[in-house]
Amino acid sequence: MSALAITAGFADPVIEAQAHFHALMNALARPGSIQPFPAALDAPAPLTPELAAVALTLADHEATLWLDETLAASKSVVDYLRFHTGARLVANPSDAAFALVADVAAMPSLASFAQGTDEYPDRSTTIIVAVETLAAGGELELAGPGIEDRTRFDLSPRPAGLAAQLAANRAKFPRGVDLVFVGAREVAALPRTTLVSEV
Amino acid sequence: MLSHCDNVQATGFVEHLKLPHYVDFQAELGLVRQMRAEYAGAPARAEGGGRMSAVAAPQASGYNFAYLDEQTKRMIRRAILKGIAIPGYQVPFSSREMPMPYGWGTGGVQVTAAIIGPDDVLKVIDQGSDDTTNAVSIRKFFAKTAGVATTTETKDATIIQTRHRIPERQLTEKQTIVFQVPIPEPLRFLEPRETETRKLHALADYGLMHVKLYEDISRHGHIATTYDYPVEVADRYVMNPSPTPKFDNPKMHMSPALQLFGAGREKRIYAVPPFTKVRSLDFEDHPFEVQKFDKPCALCAATNVYLDEVVLDDRGGRMFVCSDSDYCEERRADGHRGELSGEAPHLVGGAA
């Protein structure tokens, strides 16, 4: 392996990590809102710059990372994440603190990730899904904490049976997973508290 | 009178008690007076610094931005995101030693350090005031280690770190408020074992808290909790709002601002997302009520604000002024005058 095989991380790790965290925090605090996500990273395909930015912002040796089959099959992606985050990569989605999903069509069910326990619902997976587009307005109607009344949201491509899976996830509250969707230079999230209905 | 569970530090002192607690004392005092007045059959007679706009400071060299190392920030950031996803749930985090004693806001400082960016404008209040020791030192801490702009004006701030008050001015969607929390567990004085309180939260079994409030009513005729008044967040978790007077509880309900809570000594972070239901616990026949003051602020004549009592002399003279110093100064700058505003020491020699 040559020393040049791994591309660079954030140019300014302190300031850029804060900026990306700020966007993630606002996305989770205001479900369905679309936040700008600069993600100026030269990440190896199929890892999108936005997925890489989330991993570099939140993952380290204390947080486990699960990669979907597409990502795990790429040695350069695995090397990149190992080098920049130091996070332990896990094979079982139910062991993951964070899951990176590049191929929405092959995404495992939400129930296969860590759900947390009743005493410690925080011990659950935050799933980061790369999608093509995020849209304010659209076919998903959201309500719950972080949303003043109701809001509309949509994403494309949509994971199979998303609304039904989210309803099952919501029913487990306070257990459950949180979803973060990254598109081109933008991010939105659906935490476990959000009630989602298709209209 | 003051029950606390602060531990004794290696210095032999309980450092926390060096800090002023007049907002909490005022809340207790108001209730005691009300109960005395009711007992006597008389109607209750509840009696009721310079502004600084945003200034940026150069960051001192030798510190990472905002003091904490990046790994610590990531750990805190992960806890904050979980806290937001599970409103009112206390997320454990590995709280670090900070260059200040426990009880002086180490939890709030760590949360602020994890979220603050170079473009943020920071305001810090302690007991409602921008000018007390805790507020000044934390503001200087971030001016020095992060080089961020600081302000005393609520409207200009993007991050407000607070000890024991929520500003009177309505917060906005652009703002985040960070609370310094001494005891995050609302059930701690009712059940000392963490394993058991975890279980009670898991089962949403808050009967103990209702029994406590009921016992207050049977003994005093009132719910005798006047600050750190327990709230139910998003119809699920019961949460301590930190020792803000219960006067501030309604401000948490459906607040447009994100509310983050950091408890350094107890190593817990929790959150209330914007536009989230926050209900103060009560009973149908004893509904939740906030403190009322029968006089307006003596300096700016504001009503429906929380007032601090200031002793004027040794003959029982006293005045009641806004606890939120920025709000009071803004109103005075707008020309509002209270009955004692001419006598206020810092207005002497001024334009008035």
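Please refer to the structure placed before this passage.
As a starting point, this report considers the structure included with it. The structure displayed is predicted, hence computed values, not measured ones.

Some thoughts on the pattern of salt bridges
Tallied over the entire structure, the rule returns 35 salt bridges over all chains. A salt bridge links Glu-194 of chain B to Arg-198 of chain B, with the nearest nitrogen and oxygen atoms 3.0 Å apart. Taken together, the residues Glu-194 of chain B and Arg-198 of chain B, both in helix α5 (residues 194–202) and four residues apart, mark about one turn of the helix. Under the relative-accessibility criterion, Glu-194 of chain B is labelled partly exposed at 26%. For Arg-198 of chain B, a relative accessible area of 8% translates into the label buried. Between Lys-212 of chain B and Asp-216 of chain B there is a salt bridge, with its nearest N and O atoms 3.5 Å apart. Highlighted residues: Lys-212 of chain B and Asp-216 of chain B, both in helix α6 (residues 207–220), separated by four residues, approximately one helical turn. Residue classification places Lys-212 of chain B among the partly exposed positions, given a relative accessible area of 26%. One network of salt bridges, in which partners are shared, links Asp-60 and Glu-62 of chain A together with Arg-74 and Arg-78 of chain B.

Remarks on the nonpolar core
Burial of nonpolar side chains together is a common tendency in soluble globular proteins. Ranked by internal contacts, the top residues of the largest apolar core, which has 90 residues, are Leu-47 and Leu-100 of chain A together with Ile-80 of chain B. Here this core gets eight residues from one element, more than from any other, and that element is helix α1 (residues 13–29) of chain A. The residues touching Leu-47 of chain A, leaving out its near neighbours within four places in the chain, are Ala-52, Leu-71, Val-77, Tyr-80, Leu-81 and Leu-100 of chain A. Counting 26 residues, the second-largest nonpolar core is a separate cluster that includes Phe-113, Leu-134, Ile-147 and Phe-153 of chain A.

Brief notes about the sheet that holds strand β2 (residues 65–67) of chain A
Residues and elements named next belong to chain A. Read from one edge to the other, the open sheet built from seven strands follows the order β1-β9-β8-β5-β4-β2-β3, with strand pairing classed as mixed. Since the sheet does not close on itself, it has two edges, and those belong to β1 (35–36) and β3 (89–90), each with one partner. As paired elements, β2 and strand β4 (residues 98–101) share three bridges and run parallel to each other. In the strand pairing of β4, Trp-66 is matched with Ala-99. Lying over the sheet, α1 contacts β1, β8 (178–183) and β9 (186–190), oriented at roughly 40° with respect to β9. In this fold helix α4 (residues 75–85) packs onto β2, β3 and β4, with an angle of close to 170° to the strand it touches most, β2.

Digging into the packing of aromatic side chains
All names here are of chain A. Across all of its chains, the model carries twelve aromatic pairs over all chains by this definition. Ring geometry for Trp-66 and Phe-113: centres 5.5 Å apart, planes at 85°, overall edge-to-face. With Trp-66 in strand β2 and Phe-113 in the loop between β4 and β5 (126–130), the pair connects residues that are 47 residues apart, well separated along the chain. The same class applies to Trp-66 and to Phe-113, which are both buried. Plain terms: the ring middles of Phe-153 and Phe-181 are 6.4 Å apart, the flat faces sit at 40° to each other, and that makes the pair tilted. With Phe-153 in strand β7 (residues 151–156) and Phe-181 in strand β8, the pair connects residues that are 28 residues apart, well separated along the chain.

Considerations on the interface of chain A and chain B
The interface of chain A with chain B comprises 40 residues on the first partner and 41 residues on the second. Buried area between chain A and chain B, both sides added, is near 3200 Å², and the carbon and sulfur share of it is 64%. Applying the counting rule to chain A against chain B returns four salt bridges. Viewed at the interface, chain B and chain A are joined by 17 residue pairs in polar contact (both at pLDDT 80 or more). Elements supplying a minimum of two residues to the side of chain A that touches chain B: α1 and α2 (49–58) of chain A. When residues in the side of chain A that touches chain B are grouped by element, the largest group, eleven residues, is from α1 of chain A. Split by residue class, the side of chain A that touches chain B holds 21 nonpolar, ten polar and nine charged.

Considering the packing of helix α2 (residues 70–85) of chain B against helix α3 (residues 106–115) of chain B
All names here are of chain B. Between α2 and α3, the shortest axis-to-axis distance is 9 Å and the interhelical angle comes to 100°. Relative to α3, α2 is oriented roughly perpendicular. Judged by residue contacts, Lys-73, Ile-76, Arg-77 and Ile-80 of α2 engage Gln-110, Val-111, Ala-113, Ala-114 and Ile-115 from α3.

Topic: the environment of Gly-116 of chain A
Residue and element names in this part refer to chain A. Its place among the elements puts Gly-116 in the loop between β4 and β5. Along the primary structure Gly-116 and Thr-48 are separated by 68 residues, whereas in three dimensions their C-alpha atoms are 28 Å apart. Excluding residues within four positions of it along the chain, Gly-116 makes contact with Pro-121, Arg-123, Ser-124 and Arg-175.

Procedures and definitions
- Note that residues are indexed from 1 along each chain, following the sequence as it is written.
- To read the labels, note that chains go from A and ligands from 1, taken in the order they are written.
- In keeping with the model being predicted, local features are shown solely for residues with a pLDDT of at least 70 and side-chain atom pairs are shown and tallied solely at 80 or more, while totals for entire chains, interfaces and linings include all residues.
- Side-chain numbers come from the whole structure's heavy atoms, not from hydrogens or water.
- Salt bridges are defined by distance alone: a side-chain nitrogen of Lys or Arg within 4 Å of a carboxyl oxygen of Asp or Glu.
- Numbering of helices and strands runs from the N terminus; a helix is a DSSP stretch of H or I covering at least four residues, while a strand is a stretch of E covering at least two.
- For each residue, the accessible area found with a 1.4 Å probe, counting protein chains only, is set against the maximum for its type, and the residue is called buried under 20%, exposed over 50%, and partly exposed in between.
- In this text, buried Ala, Val, Leu, Ile, Met, Phe, Trp, Tyr and Cys residues form a nonpolar core when linked through side-chain atoms within 4.5 Å.
- The contact definition used throughout considers only heavy atoms, calling two residues in contact when any of these lie within 4.5 Å.
- Strand pairing follows a simple DSSP-based rule, namely that at least 2 bridges must link the two strands.
- Here, axes are lines fitted to C-alpha atoms. For helices the fit covers the stretch in contact, and angles between N-to-C directions go from 0 to 180 degrees.
- Two rings from Phe, Tyr or Trp (for Trp, the six-membered ring) form a pair when their centres sit within 6.5 Å of each other. Planes less than 30 degrees apart are called stacked, planes more than 60 degrees apart edge-to-face, and all others tilted.
- Accessible-area loss on putting two parts together, using a 1.4 Å probe and summing over both, is the definition of buried area adopted here.
- Any pair of nitrogen or oxygen atoms within 3.5 Å is treated as a polar contact; in protein, a donor-acceptor pairing is required on top of that, and neighbouring residues in sequence qualify only through side-chain atoms on both sides.
- Residue polarity follows a fixed list, in which Ala, Val, Leu, Ile, Met, Phe, Trp, Tyr, Cys and Pro are nonpolar, Asp, Glu, Lys and Arg are charged, and the others, Gly among them, are polar.
- Angle categories: roughly parallel below 35 degrees, roughly antiparallel above 145, roughly perpendicular from 65 to 115, and oblique for all the rest.

Read these as layout, nothing more, since geometry by itself doesn't imply function.
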